[in-house]
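Read off the chains here:
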Amino acid sequence: MSPGNDLLNFAEFFRVASLAELQEKRVMTVRGDDRPLLLCSHEGKVFALDNRCPHMGFPLSKGSAQEGILTCHWHHARFDLRSGCTFDLSADDAPAFEVRVSGDDIWISRRPRQQADSAFHFARLRRGMEQSIGPVQVKNIVALLARGEPPHSIVREIAKFGARNHRVWKDGMTTLTPVARLSRWLGETTLVYALALAARKVAENCDGQPVRHSPGGLRGDSFDEAQLSRWMFHWPKVRRDDGAERTLLTALDSVSPAKP
């Protein structure tokens, strides 16, 4: 038996249990295509989540549900049963799956609602840095590398976050610099540790700091390269970082796009 035509394409779903069986047990674990899944009957509705707590992997099936909130009993992370979103940011969100009931049959989508592509993991990396949560940062660094994203793209994301969220060059950006230079020679595990360390330090430097706004370059059609160069050597002597930044932005604005 398969879902009716009023449901999503049943080729994307698979049958996991009978509704009567779930209502009797209230909580079940089933095997998904690539992970264990939690199947839960709560307040007359059926929900499906990745059974691994995103915090440290404890089985969510060992938790409890109340008021639509699933609580993991290991570290008491709490999740919205419908969306999988966490109420405790240190835990990260749990992937949620679409559920369809056809007669007495329960069907679950083969893929989570939120497709975990590179854009998703870059967004999660930024969120982990915004909240200064190391486990969220490292999980998404690992996921990006596993998807084949080059290390320099991750370095760029960390550097952009640091540049937007604090003015002073601190140990985070200092750590990120050698990581960027050495990344091509680092082994897989060492690279993860290095990128995670840099991300954590940059996030700590930015924690509690206001979002930084660019002062922009100087107005004008063009600037003499020699003059800009002299200015750049001048500003460090008088310790004027605003002047150096505006000069650098002016120089960047003056650069013509490279011809293919």
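Residues numbered from 1 in each chain as written. Predicted model: local features only at pLDDT ≥ 70, side-chain atom pairs only at ≥ 80, totals over all residues. Heavy atoms only, no water.

A. Here's a closer look at the layout of surface pockets. The space that makes up the largest pocket amounts to roughly 810 Å³. Around the largest pocket sit 25 residues that line it, and Arg 35, Asp 93, Pro 95, Ala 116 and Phe 120 are the ones nearest its centre. Taken together, the elements giving at least two residues each to the lining of the largest pocket come down to helix H2 (118-130) and helix H3 (134-146). Residue classes in the lining of the largest pocket are distributed as 10 nonpolar, 5 polar and 10 charged. In this structure, the second largest pocket spans a volume of roughly 490 Å³. Taken together, 15 residues form the lining of the second largest pocket, with His 166, Arg 167, Trp 169, Arg 212 and Glu 245 sitting closest to its centre. Mapped onto the lining of the second largest pocket, the elements with two or more residues apiece are helix H4 (151-165) and helix H8 (241-254). Per-element accounting of the lining of the second largest pocket gives the leading share, 6 residues, to H8. (1 Å grid on protein atoms, 1.4 Å probe; cavity = no way out; pocket = protein on both sides within 12 Å on 5 of 7 lines; lining within 4 Å. Points joined across faces, edges and corners; volume = space filled by probe spheres on them. Helix = DSSP H or I, 4+ residues; strand = E, 2+ residues; numbered from the N terminus. Nonpolar A, V, L, I, M, F, W, Y, C, P; charged D, E, K, R; others polar.)

B. Representation of helix H6 (residues 188-206) within the structure. A rise of 1.5 Å per residue sets the reference length of H6, with its 19 residues, at 27 Å; its end C-alpha atoms lie 27 Å apart and thus fit the reference within 8%. Within H6, the full set of buried residues consists of Leu 191, Val 192, Ala 194, Leu 195, Ala 196, Ala 198, Ala 199, Val 202, Ala 203, Asn 205 and Cys 206. Where H6 terminates, the next one or two residues include Gly 208, which has phi positive at roughly 85°. (Expected span 1.5 Å × (residues − 1). Buried < 20%, exposed > 50% of the residue type's maximum accessible area, 1.4 Å probe, protein only.)

C. Local environment of the pattern of salt bridges. The full count for this structure, using the stated rule, is 18 salt bridges. The closest approach of N and O atoms between Arg 78 and Asp 88, which form a salt bridge, is 2.5 Å. Of this pair, Arg 78 sits in strand E7 (residues 78-80) while Asp 88 sits in the loop between E7 and strand E8 (96-97), and the two are 10 residues apart along the sequence. Of the charged contacts in the structure, one is a salt bridge between Glu 204 and Arg 200, with a shortest N-O distance of 3.2 Å. Taken as a pair, Glu 204 and Arg 200 lie in helix H6 at a separation of 4 residues, close to a single helical turn. (Salt bridge = Lys/Arg side-chain N within 4 Å of Asp/Glu carboxyl O.)

D. Representation of the sheet that holds strand E4 (residues 45-50) in the model. In space, the 4 strands of this open sheet follow the order E2-E3-E4-E8, with antiparallel pairing throughout. Two strands in the sheet have a free side with no partner beyond their single neighbour: strand E2 (27-31) and E8. With 5 bridges joining them, E2 and strand E3 (residues 36-42) adopt antiparallel strand pairing. Each bridged residue has a counterpart across the sheet, and for Val 27 the counterpart in E3 is Cys 40. (Pairing = 2+ DSSP bridges.)

E. The confidence of the model for the protein chain, seen in detail. For the protein chain, the mean per-residue pLDDT works out to 88, and 93% of the residues sit at or above 70. This model gives residues 4-8 a pLDDT under 50, and the stretch forms 5 contacts once residues within four places in sequence are excluded. (pLDDT = per-residue confidence, 0-100. Contact = heavy atoms within 4.5 Å.)

F. Highlighting the sheet that holds strand E1 (residues 13-18). Pairing in this open sheet of 3 strands is antiparallel, and the strands run E1-E10-E9 from one edge to the other. The outermost strands of the open sheet, each flanked by one partner alone, are E1 and strand E9 (99-102). Between one strand axis and the next, the sheet turns by 30° as a mean value, whatever way the strands run. Two elements, E9 and strand E10 (residues 105-109), share 4 bridges in a ladder whose sense is antiparallel. Paired with Arg 100 across the bridge in E10 is Trp 107. (Axes fitted to C-alpha atoms, helices over the stretch in contact; angles between N-to-C directions.)

G. Representation of the environment of Cys 206. One can find Cys 206 in helix H6. Classification of Cys 206 as buried rests on a relative accessible area of 5%. For the pair Cys 206 and Gln 115, spaced 91 residues apart in sequence, the C-alpha to C-alpha distance is 29 Å. What Cys 206 contacts, discounting residues up to four positions off in sequence, is Phe 161, Gly 162, Asn 165 and His 166.

H. Spatial organisation of unusual backbone geometry. Positive phi values are uncommon outside glycine, yet Arg 26 reaches one of about 75°. Looking at where Arg 26 falls in the secondary structure, it is placed in the loop between helix H1 (19-25) and E2. Despite not being glycine, Asp 92 has its phi angle at roughly 75°, a positive value. Residue placement: Asp 92 occurs in the loop between E7 and E8.

I. Representation of the nonpolar core. Met 129, Ile 141, Ile 154, Ile 158, Leu 195 and Val 202 are the most contacted members of the largest nonpolar core, which has 21 residues in total. Elements that contribute at least two residues to this core include exactly H2, H3, H4, helix H5 (171-182) and H6. In this view, Met 129 contacts Gln 137, Ile 158, Phe 161, Ala 199, Val 202 and Ala 203; residues no more than four positions away in its chain are not counted. Judged by nonpolar contacts, the second largest core, of 15 residues, contains Val 16, Leu 22, Leu 39 and Phe 97. (Core = buried A, V, L, I, M, F, W, Y, C linked by side-chain atoms within 4.5 Å.)

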